[in-house]
Amino acid sequence: MLGAALAETAEAATYRVSLSAAQTVKRPFAGIDTTAEIDDQAPTLVGEVNPDRQHFVIDVGALLAPSGGDQLDIGFEMWIEDERLVVDTRDYQQLKDQNPDVQLGPFEPGIFFVDLTEFEEDSPELLAAIGGTSAPDLREMAQKLPAALISVEETSSDPPTFVGSMTYADLLEAQGGDVGASASGAAAGIALNSAVSADVLTQFYIDFFVSVEVEVVIELNEQGLLHVLSTRSDLSSQYRALLDVEGFVPEMTESERHEAFEMFENAVHVLETRAVYEVDDDLKVSVPPTTADDRTDQWRQLLTAAGLGT
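Scope of this entry: the structure provided in the associated data block.

Cut-off values and rules
- Residues numbered from 1 in each chain as written.
- Predicted model: local features only at pLDDT ≥ 70, side-chain atom pairs only at ≥ 80, totals over all residues.
- Heavy atoms only, no water.
- Helix = DSSP H or I, 4+ residues; strand = E, 2+ residues; numbered from the N terminus.
- Buried < 20%, exposed > 50% of the residue type's maximum accessible area, 1.4 Å probe, protein only.
- Areas by Shrake-Rupley, 256 points an atom, 1.4 Å probe, with all protein chains shown as cover.
- Contact = heavy atoms within 4.5 Å.
- Pairing = 2+ DSSP bridges.
- Phe/Tyr/Trp six-rings, centres within 6.5 Å; stacked < 30°, edge-to-face > 60°.
- Salt bridge = Lys/Arg side-chain N within 4 Å of Asp/Glu carboxyl O.

For the rest of this paragraph, the subject is the overall build of the chain. A count of helical and extended segments in the chain gives 11 helices and 12 strands. Put simply, the chain has 310 residues, and 43% of those count as buried. Element-wise, carbon and sulfur atoms account for 47% of the exposed surface of the chain, whose accessible area totals about 15900 Å².

Turning to the environment of Glu278, a few remarks are in order. One can find Glu278 in strand S12 (residues 268–279). Taking the C-alpha atoms as reference, Glu278 lies 10.0 Å from Ala12; in sequence the two are 266 residues apart. With near-sequence residues (within four places) excluded, Glu278 lies in contact with Tyr15 and Arg16.

Working note: non-glycine residues mostly have negative phi, and peptide bonds are mostly trans. Here Asp158 and Pro159 are connected by a cis peptide whose omega angle stands at -5 degrees. Structurally, Pro159 can be placed in the loop between strand S8 (151–157) and strand S9 (160–167).

Right, let's get into the pairing of strand S6 (residues 84–88). Burial analysis of S6 places four of its five residues in the buried class, which makes it a mostly covered element. By the bridge criterion, four bridges tie strand S5 (residues 75–80) to S6 in an arrangement that is antiparallel. Of the residues in S6, the one forming a bridge with Trp79 is Val86. With five bridges connecting them, S6 and strand S7 (residues 111–115) associate as antiparallel partners. In the strand pairing of S7, Arg84 is matched with Asp115.

This structure, assessed with the given rule, holds 11 aromatic pairs. Each ring, one from Tyr15 and one from Tyr277, has its centre 5.8 Å from the other, and the planes form 65 degrees; the classification is edge-to-face. Taken together, the positions of Tyr15 in strand S1 (residues 15–27) and Tyr277 in strand S12 put the pair 262 residues apart, joining distant regions of the chain. Look at Tyr277 and you get buried, because its relative accessible area is 1%. Aromatic rings pair up to connect Tyr168, Phe204, Tyr205, Phe208 and Phe209 into one cluster.

Our next topic: the pattern of salt bridges. Tallied over the full model, the rule gives nine salt bridges. Across the salt bridge formed by Arg274 and Asp40, the nearest N and O atoms sit 3.1 Å from each other. On the criterion of sequence distance, the pair formed by Arg274 in strand S12 and Asp40 in the loop between strand S2 (32–34) and strand S3 (45–49) is long-range, its members being 234 residues apart. When its relative accessible area of 24% is taken as the criterion, Arg274 is described as partly exposed. With relative accessibility at 38%, the residue Asp40 sits in the partly exposed group. For Asp297, the salt bridge goes to Arg300, with nearest N and O atoms at 2.5 Å. Of this pair, Asp297 and Arg300 both sit in helix H11 (residues 296–305), three residues apart, roughly one helical turn. Using a relative accessible area of 47% as the deciding quantity, one classes Asp297 as partly exposed. Residue Arg300 is classed as partly exposed on the basis of its relative accessible area, which comes to 23%.

So, in structure tokens, the structure goes:
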């Protein structure tokens, strides 16, 4: 039943999507302790998709909240077409007003475009770098979810609801992401403050993502199409696992290693998402604003510096 529903869903090319995300992050060693729950009334991302164009509104305040501090009322819009990406970051003027010296690089306030033809296959990495999060692509996900599920059972018939599990790596792939790019992004910040190379840490995260199982809840609508995909990923064990990466920490005595394990034992990182889809064949996606501000080179430089671009 689920396979048939997802196969039919994969035929849908025009839809709305609302993605809500929440993280619980507790790192006592870093003084971070934040807990959040999914709030459908305050989605992280809202998008409209049709065969010609995609338009997303991203709540940056929600994305930055786990880092601590006050939540910002700030966001940006993004339009994606075959050859051109248009981004409106005028909201970022709030950051400049608070701190005139802040350097935002390609995110400087304004409306700009990026020529996607110059990135070719690297375009998905560019979109991930700009968006920070992405809405799971309905068609790609509907095609890949059945094969990715390790287990699945129907838990309700009204509405039809299925609960299953898959690896975090397979979830990323099913949502249209790239495991290597996600691992590289996770490794980048850590590599800056570690003697271990970014390549070694990237491989660590690839292996880690393959090993972690994610709980997945799939809900169908009255037409039998995919309506809601909820996920819960517990990534807490990454902190303890990092201690086993050769060279990650200086030489330690057995007592110091035991202390370090105890410190990381209390670290928590749980990521939850809820994507709600509404198929609408008559949906019209808004046209992007006109702009002559070309930031293609700036984004190429940023991607290259992060090891993501060509």
